[in-house]
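Spelled out, the chains give:
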Amino acid sequence: MGRAFRDGVSQDKKVRMRVKRRSWKPLADLQGLSGRTRSTGSEMGPLVDVPAMVRIENEQWVFERISQETLTHLTHRLIIHEADGPRTLGATLDLETAMQIAQGVARTDGSVVLIEPLK
């Protein structure tokens, strides 16, 4: 047994196999998924811009749900006009907060913010 390991296998007793090359086609593999995605997207209709309900606390993103009570107390909507059309930044509980946000966006981004009353 030890001699077999030392000497190895003789050339005439070696098994020879061809190496099979695998062909990986990622686009063909994902064809079914992309087709289903397109058909589902067309059934759902056009995309609608939904503003995120996110705030940042201690350098972490905090996702919130807004209660119906809070929604009824909102007084002003902040809208910014872009090349694609108007985009809602959010809404505030009073005009003073809306003005502070609009001034901050104007200072940092150089954009004009429309403050629209909700009631």
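One can find the structure itself at the top, above this paragraph.
This structure is a prediction, so every number in the text was calculated from the model and none was measured.

The rules behind each value
- Residue indices follow the written sequence of each chain, beginning from 1 at its first position.
- Residue-level local features of this predicted model are given only where pLDDT is at least 70; pairs of side-chain atoms are given and counted only at 80 or more, and the full residue set underlies all totals for whole chains, interfaces and linings.
- To get the side-chain values, all heavy atoms of the structure are used, and hydrogens and water are removed first.
- Two strands make a pair as long as DSSP finds a minimum of two bridges between them.
- Each helix is a run of H or I in the DSSP string that is no shorter than four residues. Each strand is a run of E no shorter than two, and both are numbered from the N terminus.
- By definition here, a salt bridge exists when the distance from a side-chain nitrogen of Lys or Arg to a carboxyl oxygen of Asp or Glu is within 4 Å.
- Relative accessibility decides the category of a residue: with a 1.4 Å probe and only protein chains considered, values under 20% of the type maximum give buried, values over 50% give exposed, and everything between is partly exposed.
- Working rule for helices: expected span equals 1.5 Å times residues minus one.
- Our arc is simply the arc of the directions from the helix axis toward the C-beta atoms.
- The set of buried Ala, Val, Leu, Ile, Met, Phe, Trp, Tyr and Cys residues whose side-chain atoms join them within 4.5 Å is what this entry labels a nonpolar core.
- When checking whether two residues touch, look at their non-hydrogen atoms; a contact exists if any pair is within 4.5 Å.
- As a rule, the C-alpha atoms of each element are fitted with a line to give its axis, helices using only the stretch in contact, and angles between N-to-C directions run from 0 to 180 degrees.
- Every patch collects residues that have over 30% relative accessible area and no salt bridge, joining them within 9 Å if they carry like charges and within 5 Å if they are nonpolar side chains (Val, Leu, Ile, Met, Phe, Trp, Tyr).
- Only the protein chains shown count as cover for residues, with accessible areas throughout obtained via the Shrake-Rupley method and a probe of 1.4 Å.

Peer 1: Hey, could you go over the pairing of strand β4 (residues 85–92) for me, with residue numbers and the actual values?
Peer 2: Bridge count between strand β3 (residues 76–82) and β4: 7 bridges; the pairing is antiparallel. Of the residues in β4, the one forming a bridge with Ile 80 is Arg 87. The hairpin turn running from β3 into β4, its antiparallel successor, is 2 residues long.

Peer 1: If you had to explain the pattern of salt bridges to someone new, which residues and values would you point to?
Peer 2: Taken as a whole and assessed by the stated rule, the structure comprises 2 salt bridges. For the salt bridge of Arg 77 with Glu 116, the shortest nitrogen-to-oxygen distance reads 3.2 Å. Of this pair, Arg 77 sits in strand β3 while Glu 116 sits in strand β5 (residues 113–117), and the two are 39 residues apart along the sequence. Taking relative accessible area as the criterion, Glu 116 reaches 31% and is therefore assigned partly exposed. Residue Glu 82 is joined to Arg 87 by a salt bridge in which the shortest nitrogen-to-oxygen separation is 3.0 Å. Its relative accessible area of 38% is what places Glu 82 among the partly exposed residues.

Peer 1: Hey, could you go over helix α5 (residues 95–109) for me, with residue numbers and the actual values?
Peer 2: For α5, which comprises 15 residues, the first-to-last C-alpha distance of 21 Å matches the rise-based estimate of 21 Å (1.5 Å per residue) to within 8%. Listing the buried residues of α5 in full gives Ala 98, Ala 102 and Val 105. Buried residues of α5, viewed axially, fall in a sector of 65°; they line one side. Pointing more than 90 degrees away from the buried face of α5 are the exposed residues Glu 96, Arg 107 and Thr 108.

Peer 1: If you had to explain the nonpolar core to someone new, which residues and values would you point to?
Peer 2: Membership of the largest hydrophobic core is limited to 6 residues, which are Leu 78, Ile 80, Ala 98, Ala 102, Val 105 and Val 113. Going through the elements one at a time, β3 and α5 are the ones with two or more residues in this core. Per-element accounting of this core gives the leading share, 3 residues, to α5. Apart from the residues lying within four places of it in its own chain, the contact partners of Val 113 are Leu 78, Ile 79, Leu 89, Ala 102 and Val 105.

Peer 1: Explain the sheet that holds β5 to me, using residue names and the numbers behind them.
Peer 2: Note on sheets: strands pair through backbone hydrogen bonds, and any given pair is parallel or antiparallel. Taken together, the 3 strands give an open sheet; going across it, the order is β4-β3-β5, and neighbouring strands pair in antiparallel fashion. Only two strands of the sheet have a single neighbouring strand rather than two, namely β4 and β5. Between one strand and the next, the sheet's axes are offset by a mean angle of 30°, whatever the strand orientation.

Peer 1: Tell me about the side chain of Thr 92, and please be specific about residues and values.
Peer 2: Here Thr 92 lies in strand β4. If sequence neighbours within four positions are ignored, Thr 92 has contacts with Leu 74, Thr 75, His 76, Leu 78, Thr 97, Ala 98 and Ile 101.

Peer 1: Explain a nonpolar patch on the surface to me, using residue names and the numbers behind them.
Peer 2: On the surface, a cluster of nonpolar side chains totalling about 440 Å² of accessible area is made up of Ile 56, Trp 61 and Phe 63. Assignment of secondary structure puts Phe 63 in strand β2 (residues 60–63).

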